[in-house]
Amino acid sequence: MRRAGLVVADALARMRAAVAPGVSTADLDAIAEETIRAAGAIPSFKGYHGYPASICSSVNDQVVHAIPSPRQVLRAGDLISIDCGAELDGWHGDAAITVGVGEISNDLRRLVTVAEDAMWAGIAAAARGVRSGKGRLTDISFAIQSAVRKAGRYGIVDGYGGHGIGSAMHQDPFVENSGRPGKGPALRPGMALAIEPMITKGKPKVAELDDGWTVVTVDGSIAAHVEHTMAICDDGVWVLTALDGGRVRLGDLVTARQQVNA
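All values derive from a computational prediction rather than experimental measurement. (Residues numbered from 1 in each chain as written. Predicted model: local features only at pLDDT ≥ 70, side-chain atom pairs only at ≥ 80, totals over all residues. Heavy atoms only, no water.)

**Describing the sheet that holds strand S10 (residues 198-200)**
Here's step 1: Pairing is antiparallel across the open sheet formed by three strands, whose spatial order is S6-S10-S13. Because the sheet does not close on itself, it has two edges, and the strands there are strand S6 (155-156) and strand S13 (223-225). (Pairing = 2+ DSSP bridges. Helix = DSSP H or I, 4+ residues; strand = E, 2+ residues; numbered from the N terminus.)

**Looking at the UniProt feature "domain: Peptidase M24" (unreviewed entry) in the protein chain**
Here's step 1: The feature "domain: Peptidase M24" (unreviewed entry), as given by UniProt, occupies residues 1-232 in the numbering adopted here.
Here's step 2: As annotated, residues 1-232 comprises 31% helix and 26% strand, and the C-alpha atoms at either end are separated by 12 Å. (UniProt positions renumbered as here; feature names shortened; annotations may be inferred.)

**Examining the pairing of strand S4 (residues 79-88)**
Here's step 1: With nine of ten residues buried, S4 lies mostly within the body of the structure.
Here's step 2: Two elements, strand S1 (residues 42-43) and S4, share two bridges in a ladder whose sense is antiparallel. Paired with Ile42 across the bridge in S4 is Glu87.
Here's step 3: Judged from the five bridges that link them, strand S2 (residues 55-59) and S4 form a sheet pairing that is antiparallel. From the neighbouring strand, Val59 faces S4, where its bridge partner is Ile80.
Here's step 4: For S4 and strand S5 (residues 91-100), the ladder comprises ten bridges, and the chain directions are antiparallel. Paired with Cys84 across the bridge in S5 is Ala95.
Here's step 5: Joining the antiparallel neighbours S4 and S5 is a turn of two residues, in which Asp89 adopts a positive phi near 55°. (Buried < 20%, exposed > 50% of the residue type's maximum accessible area, 1.4 Å probe, protein only.)

**Notes on helix H3 (residues 106-132)**
Here's step 1: For H3, spanning 27 residues, the distance from its first C-alpha to its last is 38 Å, which sits close to the expected 39 Å at 1.5 Å a residue.
Here's step 2: Of the residues trailing H3, Gly133 is marked for its positive phi of about 80°. (Expected span 1.5 Å × (residues − 1).)

**A word on the nonpolar core**
Here's step 1: Of all hydrophobic cores here, the largest spans 37 residues; its most connected members are Ile140 and Leu193.
Here's step 2: Elements with a minimum of two residues in this core: H3, helix H4 (137-151), strand S9 (192-195), strand S14 (228-233) and strand S15 (236-239).
Here's step 3: Broken down by element, this core gets its largest block of residues, 13 residues, from H3.
Here's step 4: Not counting chain neighbours up to four residues away, the residues in contact with Leu193 comprise Leu137, Ile140, His163, Gly164, Ile165, Pro173, Val175, Leu187, His228, Thr229, Met230 and Ile232.
Here's step 5: Membership of the second largest hydrophobic core comes to 24 residues, among which are Val7, Val19, Ile55 and Leu74. (Core = buried A, V, L, I, M, F, W, Y, C linked by side-chain atoms within 4.5 Å. Contact = heavy atoms within 4.5 Å.)

As structure tokens, then:
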């Protein structure tokens, strides 16, 4: 899973560097597929329940699952979420970034920061929970919710969230982005979870478009979506889709087992 995670990290880094006004979301999809296949991996998304692409590329009020298109051309000031997955030797990695196109407003920059901080708060809660031996799944949910609420008046999208991951891209349990702590399965070594906050500048209500995939905010507000895959070990967590394993953001909450770039 670490090897699959590094393939995803590489693909996302290449797409981040390519994001610019005039670039289409289909262009980004082509970068992802080339990077993943060159590493000997398979795009997890392509063909999943009929999904036609290697990434989800959600722009502005599109929250998740938007299909890349040559007609979706990025403009300065846009915000794009890029969600990417790879399967390598039967194991999956899944991660997402939200990137500004050219110069973006301070409000949008802050939106991305809040989403990222909430994701890392959830991952840290899992690490503390496994170390204490008392952690429960919704401790992650509560940590994400608390981080967002402390940051300001943002909408936390309901009905979409993180998930178990391993020999399949989506496995139980579903990881909500809000909720009371101390509920759900115990956090135990050997679990692998994708932590995936989605927040909006406005209200949290969303709707699915007629394409059967794209999820948008009902009020038209801009959304941010980020994700990392992590493994829970007996002494902390290993963020499998982060090049440093999560060390910069988590410090000694990262397991001693993790090896950078390996």
